[in-house]
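# Fold and contact review
Given next are the chains, with one letter for each unit.
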Amino acid sequence: MQQTTVHLIGVPTDIGAGARGASMGPEALRVAGLTAVLEGHGLQVHDEGNLMGPANPWLPPAQGYRHLAEVVQWNQTLHEAMHAALSLGHLPMVLGGDHCLGIGSISAVARHCREQGKQLRVLWLDAHADFNTAELTPSGNVHGMPVAVLCGHGPAELTGIGGATPAISPSVVRQIGIRSVDAGEKRLVHQAGLEVFDMRYIDEMGMRHTMEQALAGLDDNTHLHVSFDVDFLDPEIAPGVGTTVPGGPTYREAQLCMEMIADTCRLASMDVMELNPALDVRNRTAILAVDLIESLFGKSTLMRKSVPRA
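The model shown is predicted, which means the values in this text are computed figures rather than measured ones. (Residues numbered from 1 in each chain as written. Predicted model: local features only at pLDDT ≥ 70, side-chain atom pairs only at ≥ 80, totals over all residues. Heavy atoms only, no water.)

### Topic: the overall build of the chain
Secondary structure summary: the chain contains 10 helices and 8 strands in total. Here the C-alpha atoms of the chain give a radius of gyration of 18 Å, agreeing with the 19 Å that 2.2 N^0.38 yields for 310 residues. Seen along its three principal axes, the alpha-carbon backbone of the chain occupies a region of about 55 × 45 × 40 Å. Looking at the chain as a whole, 57% of its 310 residues qualify as buried. Counting contacts in the chain only where the partners sit at least 6 residues apart, residues at least 24 apart contribute 78% of the total. (Helix = DSSP H or I, 4+ residues; strand = E, 2+ residues; numbered from the N terminus. Rg over C-alpha atoms; globule rule 2.2 N^0.38 Å. Buried < 20%, exposed > 50% of the residue type's maximum accessible area, 1.4 Å probe, protein only. Contact = heavy atoms within 4.5 Å.)

### Let's talk about the side chain of D130
Position of D130 relative to the elements: it lies in the loop between strand 4 (119-125) and helix 5 (146-150). The charged side chain of D130 is buried without a salt bridge, its nearest counter-charge being R179 at 11 Å. (Lys, Arg positive; Asp, Glu negative; His and termini not counted. Salt bridge = Lys/Arg side-chain N within 4 Å of Asp/Glu carboxyl O.)

### Notes on the state of the cysteines
By the definition in use, this model includes 0 disulfides. Between C100, a free cysteine, and C151, which holds the nearest cysteine sulfur, the sulfur-to-sulfur gap is 16 Å. (Disulfide = S-S within 2.5 Å.)

### Some remarks on unusual backbone geometry
Put simply, G96 and G97 share a cis peptide bond, and its omega is 15 degrees. You can see G97 is positioned in the loop between strand 3 (91-96) and helix 4 (102-116). For the bond running from T165 to P166, omega is -5 degrees, close enough to zero to count as cis. Residue placement: P166 occurs in the loop between helix 6 (156-159) and strand 5 (173-178). With a phi angle near 55 degrees, C265 is a residue other than glycine that sits in the positive phi range. Here C265 lies in the loop between helix 9 (251-264) and strand 8 (267-273). Residue C265 is classed as partly exposed on the basis of its relative accessible area, which comes to 34%.

### Considerations on the packing of aromatic side chains
The tally for this structure, following the rule as stated, stands at 2 aromatic pairs. Ring plane angle 85 degrees and centroid distance 6.3 Å describe the contact between F228 and F232, whose orientation is recorded as edge-to-face. Judged by its relative accessible area of 0%, F232 is buried. Positioned above the aromatic ring of W58, the side-chain terminus of R66 is 4.5 Å from the ring centre. (Phe/Tyr/Trp six-rings, centres within 6.5 Å; stacked < 30°, edge-to-face > 60°. Lys NZ or Arg CZ within 6 Å of the ring centre and 35° of its normal.)

### Looking at the pairing of strand 6 (residues 195-198)
It is a general feature of regular strands that their side chains alternate between the two faces of the sheet. Of the strand pairs in this sheet, strand 5 and strand 6 are connected by 4 bridges, and their pairing is parallel. The residue of strand 6 that forms the bridge with I176 is F197. This β-α-β element, strand 5 to helix 7 (residues 183-192) to strand 6, shows right-handed connectivity. (Pairing = 2+ DSSP bridges. Right-handed = clockwise from strand over helix to strand, strands pointing away.)

### Considerations on helix 9
In this model, helix 9 (14 residues) spans 21 Å end to end at C-alpha, consistent with the 20 Å of a helix rising 1.5 Å per residue. When helix 9 is considered as a whole, its buried residues turn out to be A254, Q255, C257, M258, E259, M260, I261, A262 and T264. Check the buried side of helix 9 and you find it contacts strand 4, helix 8 (199-214), strand 7 (222-229), strand 8 and helix 10 (284-296). C265 sits one or two residues past helix 9 and shows a positive phi near 55 degrees. (Expected span 1.5 Å × (residues − 1).)

### Some words on the nonpolar core
If you look at the biggest cluster of nonpolar residues, it comprises 49 residues, and the most contacted ones within it are L38, M93, L123, F228, M270 and F297. Looking at which element gives the most residues to this core, the answer is helix 10, with 7 residues. Aside from chain neighbours lying at most four places away, what touches F228 is L125, L233, M258, M270, D271, V272, M273, A289 and L292. Residues L51, M82, A148 and L150 belong to the second largest nonpolar core, which totals 47 residues. (Core = buried A, V, L, I, M, F, W, Y, C linked by side-chain atoms within 4.5 Å.)

### Focus: the environment of H7
Locating H7 in the fold gives a position in strand 1 (residues 5-11). For the pair H7 and G49, spaced 42 residues apart in sequence, the C-alpha to C-alpha distance is 9.8 Å. With sequence-adjacent residues up to four places away left out, H7 is seen in contact with H46, E48, A85, H90, L91, P92 and M93.

### Considering the pairing of strand 3
Judged by how many residues are buried, strand 3 sits mostly within the fold: 6 of 6 residues are covered. Residues L91, M93 and L95 line one face of strand 3 and the alternating positions P92, V94 and G96 line the opposite face, and both faces are buried. Strand direction decides the pairing type here: strand 1 and strand 3, joined by 6 bridges, are parallel. Pairing of H7 across the sheet is with P92, part of strand 3. Looking at chain direction, strand 3 and strand 8 are connected through 3 bridges and run parallel. Counterpart to M93 in the pairing with strand 8 is M270.

So yeah, pure geometry; function would need other evidence.
Right, here's the structure in full:
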């Protein structure tokens, strides 16, 4: 069941990204009223403030990675903060920051699940599969690598965060909204057996069927983690991201996605990543992100009597 205390952890860095600005994401979400929205649904909110870490040196790749030492430091710090929040019985929400932070966040969730004997399910809401490696990507930006790293592909100082390599099995991940994958990355995704509900699948089958498939098999012993990259959304409604890809979910599709997650009553931790206020328009994307987060915690347009899902 959902915890009653949401534990906000701000991680103000764009260390793994190819554009500056995601470091301002945590404050943009706070300015958009995140705490008040959560409290409005009867939740207690503990805002830990922002974690501290190294500055972004903005250097070219070294041995296939940009800023590896700094990426490791930020993710280790987040891992410990996330694990501590979970140990308190809180529902931690990471306010990013770029999506390389999924390494520290999800490795902590996986560690917690191992300790508690729980099954893990990760919903990765994103325009990108983030399954690149140093050998596959010319940029070296680690925000394109977190799922691969979590599944054991990458340098030991990243894959070993949390004490187990790999941190997770690809079988626990469901990727939703994918529409930008490099050719080599696509081959690696297929080899790993990652379950991907790309935009063509959503176009053909609809968001309701997509989410029914992505959420199938959850039970009382499942810890559900949602990693929400704001570029999951169509850039027409969410321009404030560094890596926009046309053709993403509409507002209503995104709302249905979030409402169906809420219906499971299994959400136990989450990330909100890649919000870039420097590229936004009057904080529009942050306001939309908060609106969707509210749906995860119970806001619904449903007027008919709700029928429990099997």
